[in-house]
Amino acid sequence: MIGLTLEGITRRFPAEGPGETTEKTVLQDISLAIEPGAFVTVVGPSGVGKTTLLRIIAGLDHGFQGRVAWSENRQPKIGMVFQEPRLAPWLSVIDNLLLIAAPGARAEALDLLDLVELAGSENALPRQLSGGMQRRAALARALLAKPDLLLLDEPLISLDSTRAERLRSHLVGYWQARKPTIVMVTHDFVEAVELSSRVIALAPESGRIALDRTIPLPHPRRVTDPAEAALLDELRDLARDWPAPSHTTEEGEAAPRASNAAMRLLTI
Ligand SMILES: Nc1ncnc2c1ncn2[C@@H]1O[C@H](COP(=O)(O)OP(=O)(O)OP(=O)(O)O)[C@@H](O)[C@H]1O
């Protein structure tokens, strides 16, 4: 198991647009120690820098100030699921999975496709799948690589609520069995509180950490548990002034986000 430490991470992007001279700071002085085997969820409004933080941790963004250090002084094996699935369009789903897997991994790849509820789609080309299905294939591909650190950018967005519920439970089962360290980004507070061992909220404007809570509750969790309910209330209070995000449906169309997460927040 691998842990990581973020020390004073600050990310500024150059000014955009003619006449704009001020740099844009999206993350400011983010310092965190993430325990080996933790399941950390990062929440925050759209544009606050959640994806940027994942990209910095993944080593895909080098333009930041600060430091990322690993608990064992070695570069971990990192699996990342991006918001866009990034499957090779000319390869079938199973071949996309096997592209970066060890030889002889076909049976395991099929098991993982089953886990993400894509059994029977292994020979389809990515374009024959919906956006949500492609994202699930990308999740299976990341799991097959057996990463020490799994970085997930909204992996369950746009799924219908029943399927999302099942996949959450599969994801927790995978985490408990394998104990990779997970850092996940989500807009869904209930998802954050149901799944993770720690929730971190980033504040708009300042780009700093607004909330950092560990969740020492066993799984499966119930949102009616007082400790969970209290944390949800705290997150809702924080988010009162956040600009409304938008999301993408299973069919890949932009849709107003009056959907799952909001409904679930309202009904709990
Ligand atoms: N390469 C870049 N150059 C300039 N600005 C960038 C770059 N990458 C990200 N940004 C800006 O940084 C901000 C944070 O982007 P990021 O994608 O990390 O936000 P986010 O919190 O993940 O948003 P969302 O929830 O909508 O995915 C955005 O305003 C974005 O436009």
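Look above for the structure.
Calculation notes
Residues numbered from 1 in each chain as written. Predicted model: local features only at pLDDT ≥ 70, side-chain atom pairs only at ≥ 80, totals over all residues. Heavy atoms only, no water. Helix = DSSP H or I, 4+ residues; strand = E, 2+ residues; numbered from the N terminus. Rg over C-alpha atoms; globule rule 2.2 N^0.38 Å. Buried < 20%, exposed > 50% of the residue type's maximum accessible area, 1.4 Å probe, protein only. Contact = heavy atoms within 4.5 Å. Areas by Shrake-Rupley, 256 points an atom, 1.4 Å probe, with all protein chains shown as cover. Near = heavy atom within 4 Å. Polar contact = N/O pair within 3.5 Å; in protein donor to acceptor, adjacent residues only side chain to side chain. Nonpolar A, V, L, I, M, F, W, Y, C, P; charged D, E, K, R; others polar. Pairing = 2+ DSSP bridges. Axes fitted to C-alpha atoms, helices over the stretch in contact; angles between N-to-C directions. Expected span 1.5 Å × (residues − 1). Arc of directions from axis to C-beta.

Within the chain, the regular secondary structure consists of eight helices and eleven strands. Relative to the compact-globule value of 18 Å for 268 residues, the chain shows a C-alpha radius of gyration of 18 Å, a close match. In terms of its C-alpha atoms, the chain occupies a principal-axis envelope of roughly 50 × 40 × 40 Å. Counting across all 268 residues of the chain, residues that qualify as buried make up 51%. The long-range fraction of contacts in the chain, counting pairs at least 24 apart against all pairs at least 6 apart in sequence, stands at 71%. When the accessible surface of the chain is summed, it comes to about 12700 Å², and 52% of that surface belongs to carbon and sulfur atoms.

Moving on, we come to the site of the ligand. Around the ligand, the surrounding shell holds 14 residues, and the nearest of these are K24, S46, K50, T51 and T52. The side chain of K50 places a nitrogen or oxygen atom 2.7 Å from an oxygen atom of the ligand. Contact with the protein chains removes 67% of the 640 Å² of surface that the ligand exposes when unbound. Looking at the shell around the ligand, the elements that each hand over two or more residues are β2 (24-34) and α1 (50-58). For the shell around the ligand, a count of residues per class yields four nonpolar, seven polar and three charged.

Strands sit in the order β2-β1-β4 across an open sheet of three strands; the sheet is antiparallel. One side of each edge strand has no neighbouring strand; the edge strands of this open sheet are β2 and β4 (64-70). Strand-to-strand twist in this sheet, taken as the mean axis angle between neighbours without regard to direction, amounts to 10 degrees. Sheet topology places strand β1 (residues 4-13) next to β2; seven bridges connect them, and they run antiparallel. Bridge pairing in β2 places F13 opposite K24. Here α1 sits on the sheet in contact with β1, β2 and β4, set at roughly 125 degrees to β1.

Residues spaced three or four apart along an α-helix face the same direction, because each turn holds 3.6 residues. Look at helix α7 (residues 226-239): 20 Å from first C-alpha to last across 14 residues, which is about the 20 Å you get at 1.5 Å a residue. For α7, the full list of buried residues reads E228, L231, L232, L235 and A239. Looking down the long axis of α7, one finds its buried residues gathered within 100 degrees of arc, a one-sided arrangement. The opening residue of α7, the one whose side-chain oxygen lies 2.8 Å from the backbone nitrogen of A227, is D225.

A few words now on unusual backbone geometry. Of note, the bond from H219 into P220 is cis; its omega dihedral lies within 30 degrees of zero at -5 degrees. Topologically, P220 is positioned in the loop between β9 (209-214) and α7. Positive phi, close to 60 degrees, is recorded for E117, a residue that is not glycine. Backbone geometry places K179, a non-glycine residue, at a positive phi of 55 degrees. For K179, the location among the structural elements is in the loop between α5 (161-178) and β7 (181-185).

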